[in-house]
Amino acid sequence: MAKNKVYAFLGPHCAGKSSMVSQLVSMGLHYIPTITTKYFDDRYAYKRKLYTTVKPDAYAAEKLIINSQYQGSSFGIRRADVLDSYQQHKVSVMIMMTPDGIKQLSKFINQDLVTIFLMINEEVFIERMLRAGCSNEEIKYYVEYADENKEFEHWKDANFVIKNTASARVALEQILAIMGLVTLVPQADFDNLVK
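Here goes a summary of the coordinates provided. Predicted, not measured: the structure shown is a model, and the values here were computed from it.

A few points about the overall build of the chain
Counting secondary structure elements, the chain contains 8 helices and 9 strands. Taken over the C-alpha trace, the chain has a radius of gyration of 18 Å; the compact-globule value for 195 residues is 16 Å, and the two agree within 12%. By its C-alpha atoms, the chain is 60 × 40 × 30 Å across when sized along the principal axes. Residue burial in the chain is summarised as follows: out of 195 residues, 45% are buried. Put simply, of all contacts in the chain between residues at least 6 apart along the chain, 72% involve residues at least 24 apart. When the accessible surface of the chain is summed, it comes to about 10,800 Å², and 53% of that surface belongs to carbon and sulfur atoms.

Focus on the sheet that holds strand 2 (residues 30-31)
Ordered in space as 2-7-1-8-9, the 5 strands form an open sheet in which the pairing is parallel. Among the strands making up the open sheet, the edge pair consists of strand 2 and strand 9 (160-163). Relative to strand 7 (residues 91-95), strand 1 (residues 5-10) runs parallel, the two being bridged by 5 bridges. Within strand 7, the residue paired with F9 across the bridge is I95. Each of strand 1, strand 7, strand 8 (113-119) and strand 9 is contacted by helix 7 (residues 168-179), which is oriented at about 160° to strand 9, the strand it contacts most.

Points about the pairing of strand 8
With 6 of its 7 residues buried, strand 8 lies for the most part within the structure. Both strand 1 and strand 8 contribute to a ladder of 5 bridges, which runs parallel. When the sheet's bridge partners are listed, V6 is paired in strand 8 with L113. Strand direction decides the pairing type here: strand 8 and strand 9, joined by 4 bridges, are parallel. Across the sheet, the residue bridging to I116 is F160, located in strand 9.

Focus: the layout of surface pockets
In this structure, the largest pocket encloses a volume near 560 Å³. Taken together, 30 residues line the largest pocket, and the ones lying closest to its centre are H13, C14, Y44, Y46 and K47. For the lining of the largest pocket, the secondary-structure elements that each account for two or more residues are helix 1 (17-26), helix 5 (122-131) and helix 6 (136-148). Ranked by the residues each element gives to the lining of the largest pocket, the list is headed by helix 1, at 4 residues. When its residues are assigned to classes, the lining of the largest pocket shows 16 nonpolar, 6 polar and 8 charged.

A word on empty space enclosed by the protein
For the structure on display, the rule yields 1 cavity of 30 Å³ or more. For the largest cavity, the calculated volume is near 40 Å³. Lining the largest cavity are T34, I66, S68, F75, G76, I77, I95 and M97. Looking at the lining of the largest cavity, the elements with two or more residues in it are strand 5 (64-70) and strand 6 (73-78). With 3 residues, strand 6 is the single largest residue contributor to the lining of the largest cavity.

The rules we used
- Residues numbered from 1 in each chain as written.
- Predicted model: local features only at pLDDT ≥ 70, side-chain atom pairs only at ≥ 80, totals over all residues.
- Heavy atoms only, no water.
- Helix = DSSP H or I, 4+ residues; strand = E, 2+ residues; numbered from the N terminus.
- Rg over C-alpha atoms; globule rule 2.2 N^0.38 Å.
- Buried < 20%, exposed > 50% of the residue type's maximum accessible area, 1.4 Å probe, protein only.
- Contact = heavy atoms within 4.5 Å.
- Areas by Shrake-Rupley, 256 points an atom, 1.4 Å probe, with all protein chains shown as cover.
- Pairing = 2+ DSSP bridges.
- Axes fitted to C-alpha atoms, helices over the stretch in contact; angles between N-to-C directions.
- 1 Å grid on protein atoms, 1.4 Å probe; cavity = no way out; pocket = protein on both sides within 12 Å on 5 of 7 lines; lining within 4 Å.
- Points joined across faces, edges and corners; volume = space filled by probe spheres on them.
- Nonpolar A, V, L, I, M, F, W, Y, C, P; charged D, E, K, R; others polar.

This is the structure:
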């Protein structure tokens, strides 16, 4: 029987990876940190809790199990963080920037890795960038980058797909169901709930 499961979230920019993982961490789930060379400005200040920004030379010195390039920055997961998590926590979550990280991580924890793709459509993609205060030039860059890198097709590489275009709560409930973090209510209690 597996000791632990690692749930890795992937999806295009603004799909809700950081938001969903932040919610799961606030519920007490263990998070495997991502290190990056990207600096997050104040629009994305909430991401600073999930991503550890380091200088390129410090990043190069890390012992990484995942090393990806995304939008001109490096994103990685430390080998020690994955192995420690795997040994010490029943359930862990992480953010994966590109599907090539799945192949890298599968070499170590193949049967215990579950990937969840957060799917959005282009309308929601643009709406969320506008809400974040992105300029037209930034939006154009993100749209072109997503198209060139086929980010909306990465769902094919995942075990599960969650459509995250409406309520974040609905998406979170679906994620919790995938993780098995729901409790069945005894029939008598259920009958009382629906009266």
